[in-house]
Amino acid sequence: MKEQYHAQTIESELQAYWQSSQAFRCEHKEAQEKYYCLAMFPYPSGQLHMGHVRNYTIGDVLARYHRLQGKNVLQPMGWDAFGLPAENAAIKNNVAPAKWTRLNIENMKAQLQRLGFSYDWSREIATCEPDYYRWEQWFFTRLMEKGMAYKKTSAVNWCPNDMTVLANEQVVDGGCWRCDTPVERKEIPQWFIRITDYADELLSDLDKLDDWPEQVVTMQRNWIGKSEGAEISFQLKQAVAGHENISVFTTRPDTLFGVSYLGLALEHPIALELAENNPELADFIKKYSNKTTAEADIATMEKLGMATGISVIHPLTGGDIPVWLANFVLMGYGSGAVMSVPAHDQRDWEFAQKYNLPIKQVIDCKDIDYDLKKAALTNKGTLVNSDAFDGMDFTQSLEGIVKALEEKKAGRKQVNFRLRDWGVSRQRYWGAPIPVINCSDCGAVPVPEKDLPVVLPVDVEFSGVASPIKSMDSFIKTSCPCCGKDAERETDTFDTFMESSWYYARFACPDFDKGMLSTEADYWTPVDHYIGGIEHAILHLLYARFFHKLMRDEGLIHSDEPFQKLLTQGMVLKDGAKMSKSKGNTIDPQELIDRYGADTVRLFIMSDVPPEQSLEWSDAGVEGANRFLKKFWQTVFSFHQSLQSNNLVAIETENLNDRQKSLRKQTHASIKKASDDIERRHTFNTAISSIRELVNAINRFNIEESTKEQDIAVLNEAVVSALQLMQPITPHYSSHLLSALNVSANSWPVYDDSTQTESSQEFAVQVNGKVRAKIQTAIGVDKETLEKLALEQDNVQKYLEGLSVRKVIIVPNKLVNIVAN
């Protein structure tokens, strides 16, 4: 063993050994308990950032810990390789996306290996490879055959910068989730998957996710957005283009008697039909139909509308209700029409104020101060001005009004969801081709299985941001598999969330070429512990849950949920701000590794706060972690020298002195706490604190000549235990030092509860209520012996001089109080 700690030398040697011996390769072993640890795989940008380092270190600590518990551990790594960033970078740098992506993968893989992560690289996946997306294409054709995938023209979220469609979940605060460009509404044909068919199950199964953060569960619950109410049909006074009614869904049928107007989305079929013969309506629709679809923006934007000139009949009163176009009504939500009750909905109130529409109160709340001239009363309360329903509360009126609607065949109870079908087609190039052939006679036809995969051409040239395959006849031109006539391939590609929605299952069988998944998927899934950022709470995590249920129903997998436990790690901050290139506050992990070694970086990134909290970057913290490793190295070196000239004997637990017992107590307290903190609590920072406490106790312990053999034995247990506890966090450092001490680097220390049992106890001795001495006695000493020992103390005798002892009061395990006068 060398006297000085040379991180780079030992790390490169161990990494080479791990790689050559395939130390972390795993296999299906039915008789062995499995543990599948997975961190969300990265987009191959070419450079790791500190967020990556934190995320993947958390995963590696868990994987290494459970491997040390004797479990069959799968920890794979791959690349979310499709997507716009590679395409945009390729356009900017005049390099094909495929080449750009593969160079970045090579670079990032080397960085991950340099950090010593214990991945089974034999299972590596890159989603841009045809042998991966082939099965995604196959699965999509199965969904088409079952009616779960369909194409329609609809109003979509359009990013004018990236020139592509965004799913509702990809619109953040009115902007594109990638580039923040304000999103527009646009009519475009695209492919959807019916996630709404699974809305109820996706919602109810959230109750099974006991080991998910409550915040994530709540976010998904709100996004799915189950609401109970009524579907109400308002009869048009005059039919429009075959439409005799306008249907609305409302969660507040109790306000039905307060309806002032119906609001139509600008894309509603009735609105478009009316605009054919009304230039003013047509101009209004054209002017405002490309505005944001984000709900947050709609809530705050100016409410604009135009009267259509038509009206409907109130289903219960028979009164006329005007129909307006309204920019705050979205075609993608519900029926594209709303019943507007200005007195009891703030959005409707603002619209009514602007256009001088009636505001009729139908709800009263006697215990709330309100003024309908200033704002809407949105609380539930008692019905007023509602004919036979006056005086009813919300629940009573819901039943009564729905029954009245049903009798008139004008409404019914209805459950709606906020969730909308998943739009999966994108108009850019770098993605998996959608496996569809468009035939003028047969329509959209799925590509036959024998012709899969539909391979994305990689030898392409760009002209602006337009997808090169949209003008590539060699890709587009084909024949219809049904009728044989000339046909064209679909040139849209899949949303990259398609690839990331099932990669975790493919890691179980990456080389399987007979199908999408093999039986190994059932052995490894669900993932035991999934780690990633909370920003994926709705996007990726909801899609993955949905995809898992689709694969289950196709018979590919036999569980209901993909991820058993979820850990969402916080960001890495610098000076209170998220690290980003634009802010110029990034830290290059490679520079730190080159300077301090991977184990120093790993130790610091896990030390300061629980993983769910944001970590404030600290240069001093990194240096402190490195100093700790260097100092403990010196301690172990000195101890190693002692072992060379002394025999190592077994610990004689019955004959240890207090000093030795104290070190053993600290050793096993640290074993217990670190084990619990890593496995159950996942508070890696407190696990490290307990290890540091043990190291401090080791540094304070001196070997004395008179008790040398047992001192060395007890110290050896402490040193080895500390290094074993550090293995998941600093694997190179710990493995090297354990090897130097001739200890296996594949073991975890065993906790001994008996070390925490006290063999003696301390009593304070008081004379007339004031402490005059302290005595140490054996556990369970009898009352007479304890009194005798207390009275014999010199300082007690001093304060009893000239006094008579009246009584002795003993507080068990605490004090002896001598009362004298």
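Preceding this paragraph is the structure being described.
Owing to the predicted nature of the structure, the values given are computational and were not obtained by experimental measurement.

What counts and how
- Residues numbered from 1 in each chain as written.
- Predicted model: local features only at pLDDT ≥ 70, side-chain atom pairs only at ≥ 80, totals over all residues.
- Heavy atoms only, no water.
- Helix = DSSP H or I, 4+ residues; strand = E, 2+ residues; numbered from the N terminus.
- Buried < 20%, exposed > 50% of the residue type's maximum accessible area, 1.4 Å probe, protein only.
- Polar contact = N/O pair within 3.5 Å; in protein donor to acceptor, adjacent residues only side chain to side chain.
- Pairing = 2+ DSSP bridges.
- Axes fitted to C-alpha atoms, helices over the stretch in contact; angles between N-to-C directions.
- Contact = heavy atoms within 4.5 Å.
- Salt bridge = Lys/Arg side-chain N within 4 Å of Asp/Glu carboxyl O.
- Core = buried A, V, L, I, M, F, W, Y, C linked by side-chain atoms within 4.5 Å.
- Phe/Tyr/Trp six-rings, centres within 6.5 Å; stacked < 30°, edge-to-face > 60°.
- Lys NZ or Arg CZ within 6 Å of the ring centre and 35° of its normal.
- 1 Å grid on protein atoms, 1.4 Å probe; cavity = no way out; pocket = protein on both sides within 12 Å on 5 of 7 lines; lining within 4 Å.
- Points joined across faces, edges and corners; volume = space filled by probe spheres on them.
- Nonpolar A, V, L, I, M, F, W, Y, C, P; charged D, E, K, R; others polar.
- Parallel < 35°, antiparallel > 145°, perpendicular 65-115°, else oblique.
- Left-handed = near helix turned anticlockwise from the far one by under 90°.
- Arc of directions from axis to C-beta.
- Disulfide = S-S within 2.5 Å.

This part is about the side chain of Lys34. On the secondary structure map, Lys34 appears in strand β1 (residues 34–39). Judged by its relative accessible area of 17%, Lys34 is buried. From its side chain, Lys34 meets the backbone oxygen of Trp524 in a polar contact 2.6 Å long. Side-chain polar atoms of Lys34 contact the side chain of Asp528, separated by 2.7 Å.

Across the sheet, four strands lie side by side as β2-β1-β26-β27; this open sheet has parallel pairing. Edge positions in the open sheet fall to β2 (72–74) and β27 (563–569), since each of these has one partner strand only. Adjacent strand axes in the sheet meet at a mean angle of 20 degrees, parallel and antiparallel pairs treated alike. Sheet topology note: the strand β26 (residues 527–533)/β27 ladder contains six bridges and is parallel. Considered in β27, the bridge of Val527 is made with Phe563. Across the sheet, helix α2 (residues 50–68) touches β1, β2, β26 and β27, and the angle it forms with β1 is around 175 degrees.

Time to look at the pattern of salt bridges. Tallied over the full model, the rule gives 50 salt bridges. Across the pair Lys71 and Glu33 runs a salt bridge, and its minimum N-O distance is 3.8 Å. Here Glu33 lies in the loop between α1 (7–21) and β1 and Lys71 lies in the loop between α2 and β2, a separation of 38 residues in the sequence. Lys71 gets classed as buried once you look at its relative accessible area, which sits at 16%. Between Asp451 and Lys450 there is a salt bridge, with its nearest N and O atoms 3.3 Å apart.

Judged by nonpolar contacts, the single largest core of 175 residues is most densely connected at Met50, Phe140, Trp422, Met516, Leu517, Met551 and Trp617. When residues of this core are assigned to their parent elements, the largest contribution, ten residues, is made by helix α23 (residues 708–726). With residues near it in sequence (within four places) discarded, Met50 still touches Val572, Met579, Ile587, Pro589, Leu592, Val601, Ile605 and Trp617. Ranked by size, the runner-up nonpolar core spans 46 residues in total, among them Ala271, Phe284, Phe394 and Ala404.

On inspection of all chains with the given rule, the structure shows 38 aromatic pairs. Arranged with centres 5.3 Å apart and planes meeting at 45 degrees, the rings of Trp177 and Phe497 form a pair that is tilted. Here Trp177 is found in the loop between β8 (175–176) and β9 (184–193), whereas its partner Phe497 is found in helix α14 (residues 497–500), with 320 residues between them in sequence. The aromatic ring of Trp158 is capped on one face by Lys186, whose charged end is 3.9 Å from the ring centroid. One cation-aromatic arrangement involves Arg772 over Tyr799; the distance from NZ or CZ to the ring centre is 3.7 Å.

In total, this model carries four cavities of 30 Å³ or more according to the counting rule given. By volume, the largest cavity is sized at about 110 Å³. Every element with two or more residues in the lining of the largest cavity is listed here: α3 (84–93) and β25 (493–494). Counted by class, the lining of the largest cavity contains four nonpolar, five polar and five charged residues. Contributing to the lining of the second largest cavity are Leu603, Phe628, Ile688, Ile691, Arg692, Met726, Ile729 and Thr730. Among the elements that take part in the lining of the second largest cavity, helix α22 (residues 684–700) stands out by supplying three residues, more than any other. The residue inventory of the lining of the second largest cavity, partitioned by class, reads six nonpolar, one polar and one charged.

What follows is about the packing of helix α19 (residues 598–607) against helix α20 (residues 619–644). Closest axis-to-axis distance for the α19/α20 pair is 9 Å, and the angle between their directions is 120 degrees. In this view, α19 runs oblique relative to α20, as classed from their interaxial angle. Helix-helix and strand crossings are classified by hand; for α19 and α20 the assignment is right-handed. Counted together, Asp599, Thr600, Leu603 and Phe604 of α19 and Gly621, Val622, Ala625, Asn626, Phe628 and Leu629 of α20 form the full contact between these two elements. Broken down by class, the residue content of the contact of α19 with α20 amounts to six nonpolar, three polar and one charged.

Bringing the pairing of strand β33 (residues 805–811) into the picture now. Sheet topology note: the β33/strand β34 (residues 815–820) ladder contains six bridges and is antiparallel. Bridge pairing links Ile810 to Val816 in β34. Connecting β33 to the antiparallel partner β34 that follows it, the hairpin turn spans three residues, and Asn813 within it adopts a positive phi of roughly 65 degrees.

If you check which residues of helix α11 (residues 346–355) are buried, you get Asp348, Trp349, Phe351 and Ala352. All buried residues of α11 fall inside an arc of 165 degrees around its axis, so they share one side. Looking at the buried positions of α11, the neighbouring elements they touch are β12 (261–264), β13 (305–313), β14 (320–326) and β15 (337–340). The N-cap residue of α11 is Asp345: its side-chain oxygen and the backbone nitrogen of Arg347 are 3.0 Å apart. Backbone geometry just downstream of α11 places Asn356 in the positive-phi region, at approximately 55 degrees.

Turning our eyes to something else, we now look at the environment of Ala537. Within the element layout of this structure, Ala537 appears in the loop between β26 and α17 (539–553). Along the backbone, Ala537 and Val217 are 320 residues apart, and their C-alpha atoms lie at a distance of 8.1 Å.

We now examine the state of the cysteines. Structurally, a disulfide amounts to a covalent bond that connects the sulfur atoms of two cysteines. Evaluated as defined, the whole model comprises zero disulfides. Between Cys179, a free cysteine, and Cys159, which holds the nearest cysteine sulfur, the sulfur-to-sulfur gap is 3.6 Å. Look at Cys179 and you get partly exposed, because its relative accessible area is 26%. Free of any disulfide, Cys509 has its nearest cysteine sulfur in Cys26, 12 Å distant.

What the three strands build is an open sheet, ordered β29-β28-β30; its pairing is mixed. Both edges of this open sheet fall to β29 (577–578) and β30 (615–616), since each of them pairs with a single strand only.

Time to look at unusual backbone geometry. With an omega of 0 degrees, the peptide bond between Leu452 and Pro453 qualifies as cis. When you line up the elements, Pro453 lands in the loop between β22 (443–446) and α13 (473–476). Cis geometry is found at the peptide bond from Thr525 to Pro526, where omega equals 0 degrees. Note on placement: Pro526 falls in the loop between α16 (520–524) and β26. Here Gln22, not a glycine, exhibits a phi torsion of approximately 50 degrees, which is positive. Inspection of the secondary structure puts Gln22 in the loop between α1 and β1. Of the residues examined, Gln22 reaches a relative accessible area of 46% and is grouped as partly exposed. The phi angle at Asp387 is positive, at roughly 55 degrees, despite the residue not being glycine.

Looking now at the environment of Gln564. Relative to the assigned elements, Gln564 resides in strand β27. In this structure the C-alpha to C-alpha distance between Gln564 and Asp210, which are 354 residues apart in sequence, comes to 8.3 Å. Apart from residues no more than four positions distant in its own chain, Gln564 is found in contact with Asp211, Trp212, Pro526, Val527 and Asp528.

In this structure, strand β5 (residues 149–159) lies alongside β9, joined through ten bridges in antiparallel fashion. Bridging across to β9, Asn157 finds its partner in Arg185. Across two bridges, β9 lies against strand β19 (residues 422–423) in antiparallel orientation. Directly across from Ile193, in β19, lies its bridge partner Trp422.

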